[in-house]
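# Understanding the architecture of this molecule
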Amino acid sequence: MNAASRTRLNRMPEWTALGKHREQLGQTHLRELFAADPARGTAYTLRVGDLYLDYSKQLVTDETLRLLRELAAATGVAELRDAMFRGDKINTTENRAVLHTALRAPREAVVEVDGENVVPGVHAVLDKMAAFSERIRSGEWTGHTGRPIKNVVNIGIGGSDLGPAMAYEALRAYTRRDLTFRFVSNVDGADLHEAIHDLDAAETLFIIASKTFTTIETITNATSARDWLLTELRAGQEAVAKHFVALSTNAGKVEDFGIDTANMFEFWDWVGGRYSYDSAIGLSLMIAIGPERFREMLDGFHLVDEHFRTAPPEENAPLLLGLLGVWYGAFFDAQSHAVLPYSHYLSKFTAYLQQLDMESNGKSVDRDGNPVDWQTGPVVWGTPGTNGQHAYYQLIHQGTKLIPADFIGFAKPVDDLRPGLVAQHDLLMANFFAQTQALAFGKTPDEVRAEGVAEELVPHKTFRGNHPTTTILADELTPAVLGQLIALYEHKVFVQGAVWNIDSFDQWGVELGKVLAKKIEPVLTRGEGGDQLDSSTAALADRYRTLRGR
Ligand code: F6P
């Protein structure tokens, strides 16, 4: 569907119908929905690959789901999806195709951008990554002094950090435990310091990950890392080739930095930063888990790509998750969305999703540049259970806000836990199931009274329930399952952007701060240009200079 010809979202009859339906639904409680349909707990479920999705604890009926699907049809979600998979330039403000799905396409697939099949190039880079990874893993690749690499430090930020850092944690059980992996992103020198202070430079490989190779944080950290390495090794530039590789779309800048382009792993402008960890950006991960496991992860992504592309709307999991978010944002005024993984290995999963979701859909103009007057992307947040239960779950259970949440859990703990620790898994999962149950059904005042609670405490001990959750349950956190999960969320975000008629693939909102930081730096370091700042920032800069003794 041509965005320009689109009726504004909130004037569509399908939107109005949902609004009316919301009014009719009123305060209908999940207790009532479950009582009315004893099969709800199995009927409102979906399977995608290894993922089992239970959305029965969502505030929806068959009618809601039908109306939401009608909205998806009216807003052209399927057409935009097909355009994305086809390689059309759906990132209109940057005039780019959006083809992260090509990164996990099988070798024989054909995906064209400007008439050129990009799949052979994708596989050529994957093959080059695999060969390099094996050389590191086998010890064949040696550093400047002839010693094998034992430490891998990925330097990148945003999509060039969060993906590999998250996936490395997620797949720790599959990693080479005898190699050390560190991820440096923050321009705060403390980050690099903590990452390298205990490493032997002679055994350290730096992977400089930057799509543009102009990002100030990454180039600054990479320069400092190079200085450290050359000082530690008492070596000249010739040592760089053995200790630095680059992941980038920008060969010119990589060369300018002093990295041989033979040591560059390429990707393309049709891969968005936040959609890039299954490209060359995943090199650190591939070294950690090996090319075969990386391939399994890509197959997991691809499975969900195919599901999203071909499954009918009633069975389409990313479509469903996306529409549920639209429903709560528009008709319940939900401001945020919690993602709560019950796996310690997913400790960085929500941070990763924050960029994926909030950088994609944190927009307030539509594709034509008109202000939107409907809610777009939510604040995404969360940490692994059960830690959150002892921190902020109080607010989810009894606060004034409606916070839809995804609970992600696994039937089996990872393989290499000691038997005693394996036994803890049932307790973890009991909490996992208990929380969605408590959130959905709560505890009525009468139930509290029946426990003999003093009347004045009854309101405090009552749980109103009716908090919507989706449960995503998988057998085990394998590379394939991780790929499935990430692709599920990628396409969920896509669906929402399509409905909201926003460009989910640009990120102009990050630019202003970058430009201003460049102007403020000389004020801080040399006291130049303070007169051009507003009075608050000027005074703060002044105070900073004083505190630094300048
Ligand atoms: O500033 C935002 C951003 O452009 C992200 O979209 C991107 O993932 C990150 O910076 C890093 O960019 P690069 O990979 O070009 O260094």
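Procedures and definitions
- Residues numbered from 1 in each chain as written.
- Predicted model: local features only at pLDDT ≥ 70, side-chain atom pairs only at ≥ 80, totals over all residues.
- Heavy atoms only, no water.
- UniProt positions renumbered as here; feature names shortened; annotations may be inferred.
- Axes fitted to C-alpha atoms, helices over the stretch in contact; angles between N-to-C directions.
- Helix = DSSP H or I, 4+ residues; strand = E, 2+ residues; numbered from the N terminus.
- Left-handed = near helix turned anticlockwise from the far one by under 90°.
- Contact = heavy atoms within 4.5 Å.
- Nonpolar A, V, L, I, M, F, W, Y, C, P; charged D, E, K, R; others polar.
- Phe/Tyr/Trp six-rings, centres within 6.5 Å; stacked < 30°, edge-to-face > 60°.
- Lys NZ or Arg CZ within 6 Å of the ring centre and 35° of its normal.
- Domains from an automatic or database assignment.
- Buried < 20%, exposed > 50% of the residue type's maximum accessible area, 1.4 Å probe, protein only.
- Pairing = 2+ DSSP bridges.
- Near = heavy atom within 4 Å.
- Polar contact = N/O pair within 3.5 Å; in protein donor to acceptor, adjacent residues only side chain to side chain.
- Areas by Shrake-Rupley, 256 points an atom, 1.4 Å probe, with all protein chains shown as cover.

Per an unreviewed UniProt entry, the chain goes by Glucose-6-phosphate isomerase and derives from Streptomyces ficellus. Taken from UniProt, the Subcellular location (unreviewed entry) comment for the chain reads in full: "Cytoplasm". Looking at the chain in UniProt, the text filed under Catalytic activity (unreviewed entry) is "alpha-D-glucose 6-phosphate = beta-D-fructose 6-phosphate".

## A short note on the packing of helix H13 (residues 291-310) against helix H20 (residues 479-500)
At a closest axis distance of 7 Å, the pairing of H13 and H20 adopts a crossing angle of 35°. As for how H13 packs across H20, the hand of that crossing is right-handed. The residues of H20 that touch H13, namely those facing Arg293, Glu296, Met297, Gly300, Phe301, Leu303, Val304, Asp305 and Phe308, are Pro479, Ala480, Leu482, Gly483, Gln484, Ile486, Ala487, Leu488, Glu490, His491, Phe494 and Val495. Grouping the constituent residues of the contact of H13 with H20 by class yields 13 nonpolar, four polar and four charged.

## Side note on the packing of aromatic side chains
Applying the stated criterion across every chain, the model contains 29 aromatic pairs. Measuring from ring centre to ring centre gives 6.3 Å for Tyr393 and Phe407, while their planes differ by 80°; the resulting arrangement is edge-to-face. A residue pair is termed long-range when its members are at least 10 positions apart, and Tyr393 in helix H16 (residues 393-398) and Phe407 in strand S12 (residues 405-410) qualify at 14 residues. Its guanidinium or amino end placed over the ring of Phe257, Arg226 lies 4.3 Å from that ring's centre, counting from NZ or CZ.

## Digging into the domain arrangement of the chain
Its domain assignment divides the chain into domain 1 (46-97 + 305-350 + 378-500), domain 2 (101-294) and domain 3 (511-548). A straight line from the C-alpha centre of domain 2 to that of domain 3 covers 34 Å.

## Points about the UniProt feature "active site" (unreviewed entry) in the chain
Per the UniProt entry, the sites bearing "active site" (unreviewed entry) are Glu359, His390 and Lys514 in this numbering. These residues run over 156 residues, and the two farthest C-alpha atoms among them are 36.7 Å apart, placing them at more than one spot. Its place among the elements puts His390 in the loop between strand S11 (379-381) and H16. For His390, a relative accessible area of 70% corresponds to the exposed category. Among the structural elements, Lys514 can be located in helix H21 (residues 511-526).

## With respect to the sheet that holds strand S10 (residues 336-341)
In spatial order, the strands read S1-S2-S13-S12-S10-S11; together these six strands make up an open sheet with mixed pairing. Of all strands in the sheet, those bounded by a partner on one side alone are strand S1 (45-48) and S11. Put simply, the sheet's adjacent strands are angled 15° from each other on average, direction ignored. Bridge count between strand S2 (residues 51-54) and strand S13 (residues 469-474): four bridges; the pairing is antiparallel. Opposite Tyr52, over in S13, you have Leu473 as the bridge partner. Across the sheet, helix H14 (residues 317-331) touches S1, S2 and S13, and the angle it forms with S1 is around 135°. Across the sheet, helix H15 (residues 349-361) is in contact with S10, S11 and S12; its angle to S11 comes to roughly 165°.

## Points about the environment of Thr471
Its place among the elements puts Thr471 in strand S13. The spacing of Thr471 and Tyr55 is 416 residues in sequence and 6.6 Å in space, taken between C-alpha atoms. Beyond its immediate sequence surroundings of up to four residues, Thr471 is in contact with Tyr52, Leu53, Asp54, Phe407, Phe432 and Thr436.

## Let's talk about the pairing of S1
Examined bridge by bridge, S1 and S2 share four bridges and lie antiparallel to one another. Its bridge partner lying in S2, Thr45 is registered against Asp54. Hairpin connection from S1 to S2: two residues lie between these consecutive antiparallel strands, with Gly49 at a positive phi of about 55°.

## Quick word on the site of the ligand
Close contacts around the ligand come from 14 residues, with Ser160, Ser210, Thr212, Thr215 and Glu359 the closest. In this structure, an oxygen atom belonging to the ligand sits 2.6 Å away from a side-chain N or O atom of Thr212. The protein chains hide 88% of the 390 Å² of surface that the ligand would expose on its own. Partitioning the shell around the ligand into residue classes produces two nonpolar, nine polar and three charged.

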